[in-house]
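# Chain and residue survey
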Amino acid sequence: MKIMVIDDSSTIRTVICGTLQQLGSVETETACDGEDALSKVFAFGPDIILLAWNMPKLNGLEVLKQFRLKNKKTPVIMVTTEAEKPRVVEAIRAGVNDYVVKPFTPDSLLKHVRAAYDKLQAAA
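This section reports on the structure supplied with the text. Along each chain, residues carry numbers from 1 onward, in the same order as the chain's sequence is written. In keeping with the model being predicted, local features are shown solely for residues with a pLDDT of at least 70 and side-chain atom pairs are shown and tallied solely at 80 or more, while totals for entire chains, interfaces and linings include all residues. Processing note: side-chain calculations cover all non-hydrogen atoms of the structure and skip hydrogens and water entirely.

### A closer look at the overall build of the protein chain
A count of helices and strands for the protein chain gives five helices and five strands. Ordered by position from N to C terminus, the α and β elements of the protein chain give β-α-β-α-β-α-β-α-β-α. Taking 124 residues into account, the globule formula puts the C-alpha radius of gyration at 14 Å, and the protein chain, at 13 Å, falls close to it. A 1.4 Å probe rolled over the protein chains alone gives each residue an accessible area, and that area as a share of the maximum for its type sets the label: buried under 20%, exposed over 50%, partly exposed in between. Of all 124 residues assigned to the protein chain, the portion counted as buried reaches 43%. Of the contacts formed within the protein chain by residues at least 6 apart in sequence, a portion of 62% connects residues at least 24 apart. A run of DSSP states H or I qualifies as a helix once it reaches four residues; a run of E qualifies as a strand once it reaches two. Both are numbered from the N-terminal end. Radius of gyration: C-alpha atoms only; globule rule: 2.2 Å multiplied by the number of residues to the exponent 0.38. The contact rule is simple, with two residues in contact once any of their heavy atoms fall within 4.5 Å.

### What about the layout of surface pockets?
Here a cavity denotes grid points, spaced 1 Å and computed from the protein atoms alone, that fit a 1.4 Å probe unable to get out, and a pocket denotes an open set having protein on both sides within 12 Å along at least 5 of 7 lines; residues with an atom within 4 Å of a point are the lining. Grid points are joined across faces, edges and corners, and a volume is the space filled by probe spheres set on the points. Roughly 240 Å³ of internal volume is contained in the largest pocket. Examining the composition of the lining of the largest pocket, we find that six residues originate from one element, helix 5 (residues 106-123), more than from any other.

### Side note on the state of the cysteines
Cysteine pairs can be covalently joined through their sulfur atoms, and such a bond is termed a disulfide. Disulfides are defined as cysteine sulfur pairs within 2.5 Å. In this structure the tally under the stated criterion is zero disulfides. There is no disulfide at cysteine 17, and the cysteine sulfur nearest it, in cysteine 32, is 13 Å away.

### So, the sheet that holds strand 4 (residues 76-80)
The parallel open sheet is built from five strands, whose spatial order is 2-1-3-4-5. Each edge of the sheet is formed by a strand with only one pairing partner; in this case those strands are strand 2 (27-31) and strand 5 (98-101). Here the average twist between neighbouring strands, direction ignored, is 20 degrees. A pair of strands is labelled paired if DSSP reports no fewer than 2 bridges between them. One ladder, built from five bridges, connects strand 1 (residues 2-6) with strand 2; its direction is parallel. Axis geometry follows a simple rule: fit a line to the C-alpha atoms, using only the stretch in contact for helices, then measure angles between N-to-C directions, giving values from 0 to 180 degrees.

### Quick word on the pattern of salt bridges
Any carboxyl oxygen of Asp or Glu within 4 Å of a side-chain nitrogen of Lys or Arg constitutes a salt bridge here. Overall, the coordinates contain five salt bridges when judged by the stated rule. Across the pair aspartate 7 and lysine 102 runs a salt bridge whose closest N-O atoms are separated by 2.7 Å. On the criterion of sequence distance, the pair formed by aspartate 7 in the loop between strand 1 and helix 1 (10-20) and lysine 102 in the loop between strand 5 and helix 5 is long-range, its members being 95 residues apart. Judged by its relative accessible area of 3%, aspartate 7 falls in the buried class. Lysine 57 serves as the salt-bridge partner of aspartate 33, at 3.6 Å between the closest nitrogen and oxygen.

### Describing the environment of threonine 14
Inspection of the secondary structure assignment puts threonine 14 in helix 1. The spatial distance from the C-alpha of threonine 14 to the C-alpha of threonine 30 is 9.2 Å, given a sequence separation of 16 residues. For this analysis, a polar contact is any N or O atom pair within 3.5 Å, provided that within protein one partner can donate a hydrogen and the other can accept it, and provided that sequence-adjacent residues contribute only side-chain to side-chain pairs. Among the polar contacts made by the side chain of threonine 14, one reaches the main-chain carbonyl oxygen of serine 10 at a distance of 2.9 Å.

### Looking at the nonpolar core
Counting residues in hydrophobic clusters, the biggest one holds 23 residues, and the most contacted among them are Met4, Ile6, Ile49, Leu51, Leu64 and Met78. In this structure, isoleucine 49 is in contact with Met4, Ile6, Val41, Phe67, Thr74, Pro75, Val76 and Ile77, ignoring residues within four places of it in sequence. Ile16, Leu20, Ile77 and Val113 belong to the second largest nonpolar core, which has 16 residues in total. Buried residues of nine kinds, namely Ala, Val, Leu, Ile, Met, Phe, Trp, Tyr and Cys, make up a nonpolar core once their side-chain atoms join them within 4.5 Å.

### Thoughts on the pairing of strand 4
Most of strand 4 sits out of view: five of its five residues are buried. Neither face of strand 4 is exposed, since Val76, Met78 and Thr80 on one face and Ile77 and Val79 on the opposite face are all buried. Across three bridges, the pairing between strand 3 (residues 48-51) and strand 4 is parallel. Directly across from isoleucine 49, in strand 4, lies its bridge partner valine 76. Look down the strands so they point away from you; if going from the first strand over the helix to the second traces a clockwise path, that crossover is right-handed. In this fold, strand 3 hands off to helix 3 (residues 60-70), which returns the chain to strand 4; that crossover is right-handed. Relative to strand 5, strand 4 runs parallel, the two being bridged by four bridges. Each bridged residue has a counterpart across the sheet, and for isoleucine 77 the counterpart in strand 5 is aspartate 98. Following the backbone out of strand 4, through helix 4 (residues 85-94) and into the adjacent parallel strand 5, one traces a crossover that is right-handed.

As structure tokens, this is what we get:
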């Protein structure tokens with residue numbers, strides 16, 4: 001499974017990548033902001049994207065919108081502190097598949113990733 005982790009916090013990227021290793025055979029790619037993400041995502045070809053909302057250069061919602069112009073299938077899970085209902089609705093309308101609110105537990109994050117991957121596999 002290939003997962004791209006997009007977050008401006010190096011600590012969060014490290015924690016998420018470490019947590020994802022519990023899934024077994026996982027290849028990760030990271031990006032530190034929206035521009036970095038868009039420069040890497042299509043070459044990496046992730047099965048799942050974990051995307052922060054608040055980042056410099058391009059925020060997560062802008063990244064999601066640009067990504068969805070070219071790819072409508074890859075599951076995108078927003079991992080963010082933005083928990084207000086209007087924000088969640090905005091992200092869903094832009095094409096996010098799931099939403100994890102920070103702070104999260106490793107088990108919670110893995111549950112969301114497994115669900116997204118299982119759904120992806122079932123659709124294949």
